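Letter by letter, the chains look like this.
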Amino acid sequence: KMEIQQIMKGNFSSFMQKEIFEQPESVVNTMRGRINYELEQVMLGGIKNFVPEIRRCRRLLMIGCGTSYHSAIASRQLLEELTELPVMIDLASDFLDRNTPIFRDDVCFFISQSGETADTLNALRYCKSRGALIVGITNTVGSTICRESHCGVHINAGPEIGVASTKAYTSQILSLTMFALVMAEDRISLQPRRSEIIQGLKALPDLIRKVLELDGKVKDIAQELYEKRSLLIMGRGFNFATCLEGALKVKELTYMHSEGIQAGELKHGPLALVDSTVPIIMIVTRDHVFSKCMNALQQVTARDGRPILICEEGDTETAKMAQHCLEIPKSVDALQGILTVIPMQLLSYHLAVLRGCNVDCPRNLAKSVTVE
């Protein structure tokens, strides 16, 4: 049995590392047969019959736990932009604690890698009993969430064995992005934006390969960070989800304290933590919140913070302000979050290895949380 597992790992030292490096293939699998780049059409077979009904709804709810919740945060802004509906995102456990009002014209998305997550499943049953339309987004065919939802999208990321989710996260974001593109199909005013994103998706696998080439540089940064007590990760807009997801990966794998901070919240408290000893990672890309991110970056450097930057290729002006800079290729702003999260996944992996932690099976955690 061990031999089979070794074969499955190939040349990688752990499943998680293998899954990080599989992402160029896994994103292609997620989009395979669903996007026609020439005609700029997007077809999601699992929800095809329900699209007219979804278009009539009054609001969207996205519910998940852990990494799946972060993929909802990552997709929220684009969904709001392309559907022009209010989009609520909730942690399944918190959603159940609150007895939230759900209406018959709500569409509820339940996001789960395994499709068996207990909290998410209970939230699904709660919404279903109140007559909402249920859309499941899972990676496991025939799982409970698959069977109990009215329709859904299968993310096709391939089996994920490492406990900390990597390729499933990027595929979940892509599935929700494709859903947003389906919803905007008949809106004339949104066509330029829609075609920009579809062309961005076409280039995505190659851009991910480029990001993965940073592995050596990320390892050097990990050498400097692995003995530290804590790590702050800041960003805003489309990159905020990356901060939360990156911080979660660091917590899961390295058992080090780490926090994702919305850069706009910096002056409301977290700025007190900043000094020359605290490691800070900032994600600054040239999107519509660039000037605000630069403001946060200047606040940090003015207090002797020495941030590690994740920025766009060729952005020398921003790179000058940092101790280290990881340059990632430029993509459409809505897809930038998929590219910025990969250096965080690599960093958490290298930190875990340097700290001597078990990468595939972090202590106290299970791959799918089937209890509350």
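About the cut-offs
- Within any chain, residue numbers begin from 1 and follow the written order of that chain's sequence.
- Per-residue local features are limited, in this predicted model, to residues with pLDDT of at least 70; the limit for side-chain atom pairs, both in listing and counting, is 80 or more; totals at the level of whole chains, interfaces and linings are taken over all residues.
- The side-chain values count all of the structure's non-hydrogen atoms but skip hydrogen atoms and water molecules.
- Helix axes use the C-alpha atoms of the stretch in contact, all axes being lines fitted to C-alpha atoms, and the angles between their N-to-C directions lie in the range 0 to 180 degrees.
- Strands here are runs of E lasting at least two residues and helices are runs of H or I lasting at least four, both read from the DSSP assignment and numbered beginning at the N terminus.
- We call two directions roughly parallel when the angle between them is under 35 degrees, roughly antiparallel when it is over 145, roughly perpendicular when it lies between 65 and 115, and oblique otherwise.
- For any helix crossing, the convention is left-handed if the near helix is rotated counterclockwise from the far helix by under a right angle, and right-handed if that rotation is clockwise.
- Throughout, a residue-residue contact means that at least one pair of heavy atoms, one from each residue, lies within 4.5 Å.
- In this classification, the charged set is Asp, Glu, Lys and Arg, the nonpolar set is Ala, Val, Leu, Ile, Met, Phe, Trp, Tyr, Cys and Pro, and all remaining amino acids, among them Gly, are polar.
- In plain words, nonpolar cores are sets of buried Ala, Val, Leu, Ile, Met, Phe, Trp, Tyr and Cys residues tied together by side-chain atoms within 4.5 Å.
- Here's how the labels work: a residue is buried when its accessible area is under 20% of the maximum for its type, exposed when over 50%, partly exposed in between, all with a 1.4 Å probe on protein chains only.
- Only strands that DSSP links by at least two bridges are regarded as paired with each other.
- Handedness is read with the strands pointing away from the viewer; a crossover is right-handed when the path from the first strand over the helix to the second is clockwise.
- Each reported salt bridge corresponds to a side-chain nitrogen of Lys or Arg within 4 Å of a carboxyl oxygen of Asp or Glu.

A. Focus on the packing of helix H10 (residues 191-212) against helix H15 (residues 336-354). One way to put it is that H10 packs onto H15 with a least axis distance of 10 Å and a crossing angle of 30°. Classified by the angle their axes make, H10 and H15 are roughly parallel. The element H10 and its partner H15 pack so that their crossing is right-handed. Note on element contacts: H15 touches H10 through Ile338, Leu339, Ile342, Pro343 and Leu346, opposite Leu204, Leu207, Ile208, Val211 and Leu212. Looking at the contact of H10 with H15 residue by residue, the class counts come to 10 nonpolar, no polar and no charged.

B. Fine view of the nonpolar core. Counting 92 residues, the largest nonpolar core has Leu60, Met62, Phe109, Phe179, Leu201 and Leu347 as the members making the most contacts within it. For this core, the element with the highest residue contribution is helix H9 (residues 167-183), accounting for 11 residues. Within the second largest apolar cluster, 23 residues are counted, among which are Leu271, Ile280, Ala296 and Cys325.

C. Representation of the pairing of strand E9 (residues 257-262) within the structure. Here strand E8 (residues 230-235) pairs with E9 via six bridges, running parallel. From the neighbouring strand, Ser230 faces E9, where its bridge partner is His257. For the crossover from E8 across helix H12 (residues 240-254) to E9, the handedness is right-handed.

D. The environment of Leu60, seen in detail. Relative to the helices and strands, Leu60 resides in strand E3 (residues 59-64). Look at Leu60 and you get buried, because its relative accessible area is 0%. Separated by 46 residues in the primary sequence, Leu60 and Asp106 have C-alpha atoms spaced 6.0 Å apart. Each residue touching Leu60, except ones within four places of it in the same chain, is listed here: Leu79, Thr83, Leu85, Pro86, Val87, Met88, Val107, Phe109 and Phe179.

E. Structural context of the pattern of salt bridges. Applying the stated rule across the entire model yields 23 salt bridges. A salt bridge links Glu160 to Lys367; its shortest N-O distance comes to 2.7 Å. Here Lys367 lies in the segment after H15 and Glu160 lies in the loop between strand E7 (151-154) and H9, a separation of 207 residues in the sequence. Judged by relative accessible area, Glu160 falls into the buried class, the value being 8%. For Lys367, a relative accessible area of 28% corresponds to the partly exposed category. One salt-bridge network, in which partners are shared between bridges, spans Glu81, Arg193, Glu196 and Asp333.

F. Up close: the environment of Val353. Relative to the helices and strands, Val353 resides in helix H15. On the basis of relative accessible area, Val353 is assigned to the partly exposed category, the value being 44%. Between the alpha carbons of Val353 and Leu232 there is a distance of 20 Å; along the sequence they are 121 residues apart.

G. A look at the sheet that holds strand E12 (residues 324-328). Taking strand neighbours across the sheet as the criterion, the five strands line up as E9-E8-E10-E11-E12 in an open arrangement whose pairing is parallel. The outermost strands of the open sheet, each flanked by one partner alone, are E9 and E12. In this sheet, adjacent strand axes meet at a mean angle of 20° when their direction is disregarded. Pairing geometry for strand E10 (residues 280-284) and strand E11 (residues 308-312), over four bridges, is parallel. Paired with Val284 across the bridge in E11 is Cys311. Where H12 meets the sheet, it contacts E8, E9 and E10, and its direction lies at approximately 175° from that of E9.

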